[in-house]
Amino acid sequence: MDTNSQRVIGILTGGGDCPGLNAVIRAVVRRADMLGYKVLGVKNGWLGLVDGIAEPLSLLSVSGILPRGGTILGTSRTNPLKSEESKRKVLDNLKKFGIDYLIAVGGEDTLGVARYLVNEGVKLVGVPKTIDNDVEGTDQTFGFDTAVQTVTEAIDRLHTTAESHQRVMVVEVMGRHTGWIATVAGLAGGADCILIPEQPMTIEAICDILEKRHARGRVFSIVVVAEGFKLAGAAQEVTRDQKLDAFGHTHLGGIGEVIAQEIEKRTKFETRVTVLGHIQRGGTPTAFDRVLGTRYGVKAVDLIHEGKFGEMVCLKGTQITSIPLGKAVTTLKRVDSEWIRTAEIFYG
Ligand code: F6P
């Protein structure tokens, strides 16, 4: 493929890391090599394009990374759209590096920047990533399956100690805007109550569920709460501090403690809290996430090869396909009523 031999594909990973990113990077390099493209790895998300830091990726440099968590390229929550200067630097550095095509791997924020660049004429393809699984337009993001597996294992462990001590265990999991991890891991782990941003509940309703369960002889309970859950009527989410990240997001955290204190006060059931935090994002990806990341990476290069820019690769049923980036970044994929209804059947 002589015509492509000098063509360069840039790839970056932005936002919170997640298991499966290295599978995407490896697949992009392998597929690109097969089609005659060079690949340049941009370091630390959009920051690498603002500061001009990138390195060539070869078959050798991506060898052995498939089972590794995190991202060999590094990541950051840099928002280059914050100033005219950083917007210009991104476009200048794309030129300076000779990047003909860009693959942006990220969630809502990273893909939002990607969409802006498409409108600026950058030949770009997006790959959806986040453990939160909330990117619209794809049935699943990679990283989610691994996070669900980790949380399910944690719930299983908490069950045995909850039962021994007859305690209520509140497990706080990630999920800023949506409760996918809480819902799916909660179902898999047999949680007795699942609290998610999509469905505010009163503390009375939560305690009622637990009291009914204890009344029928099950004197321990597991409550899974997503960090973005709000008690009905609460003005805002519980935050760790007042700081905002570059995309204007607060640092969530602490809702588990709030719920646990209220449960103990009202029901007198001894209650403990476990915050799983970044354990959910770390570690080796499941087989599912490795394969999904691999299929996304191959598809991203194929889209570039076919000249289909401004698209995001996605999973629809069992098929890998693509949709316009614009359709993916305008809204979030939330836990729908069918999931909520199924989870509720097992409350109490
Ligand atoms: O990647 C998304 C996410 O997992 C959110 O659920 C969470 O609020 C956020 O990352 C926390 O990320 P960090 O602490 O790395 O900024």
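In this text the structure is predicted, and so the values were computed from the model without any measurement.

### Focus: the side chain of Thr141
Counting through the fold element by element, Thr141 comes out in the loop between β5 (124-128) and α5 (144-165). Among the residues examined, Thr141 registers a relative accessible area of 0% and is labelled buried. Those residues within four positions of Thr141 in sequence are excluded, and the remaining contacts are Pro128, Lys129, Thr130, Asn133, Val135, Asp289 and Leu292.

### Examining the sheet that holds strand β12 (residues 311-316)
The sheet built from seven strands is open, its strands ordered β3-β2-β1-β4-β5-β12-β13 with mixed pairing. Strand pairing shows two members of the sheet lacking a second neighbour, β3 (54-57) and β13 (319-324), which therefore form its edges. On average, adjacent strands in this sheet sit at an angle of 30 degrees to one another, irrespective of strand direction. When β5 meets β12, the two strands line up parallel, connected through two bridges. When the sheet's bridge partners are listed, Val125 is paired in β12 with Glu311. Strands in contact with helix α4 (residues 108-119) are β1 (8-13), β4 (101-106), β5 and β12; relative to β4, the strand with the most contacts, it is inclined by about 155 degrees. Sitting on the sheet, helix α9 (residues 287-305) touches β1, β4, β5, β12 and β13, and the angle it makes with β12 is about 140 degrees.

### Examining the pairing of β4
Buried residues dominate β4, accounting for six of its six residues. Of the two faces of β4, the one holding Tyr101, Ile103 and Val105 and the one holding Leu102, Ala104 and Gly106 are both buried throughout. Summarising the sheet, β1 and β4 pair through five bridges and their orientation is parallel. Across the sheet, the residue bridging to Gly10 is Leu102, located in β4. Considered for its hand, the β-α-β crossover made up of β4, α4 and β5 is right-handed.

Criteria and cut-off values
- Each chain has its residues counted from 1, following the order in which its sequence is written.
- Side-chain atom pairs in this predicted model are given and counted only at pLDDT of 80 or more, local residue features only at pLDDT of at least 70, and totals for whole chains, interfaces and linings cover all residues.
- The basis for every side-chain value is the complete set of heavy atoms in the structure, and neither hydrogens nor water enter the calculation.
- Each helix corresponds to a stretch of at least 4 residues labelled H or I by DSSP, and each strand to a stretch of at least 2 residues labelled E; elements are numbered beginning at the N terminus.
- Relative accessibility decides the category of a residue: with a 1.4 Å probe and only protein chains considered, values under 20% of the type maximum give buried, values over 50% give exposed, and everything between is partly exposed.
- Residue contacts are counted whenever heavy atoms from the two residues lie within 4.5 Å of one another.
- In short, DSSP must find at least two bridges between two strands for them to pair.
- Interaxial angles span 0 to 180 degrees and are taken between N-to-C directions of axes, which are lines fitted to C-alpha atoms, for helices over the stretch in contact.
- Seen with the strands pointing away from the viewer, any crossover whose path from the first strand over the helix to the second strand runs clockwise is right-handed.

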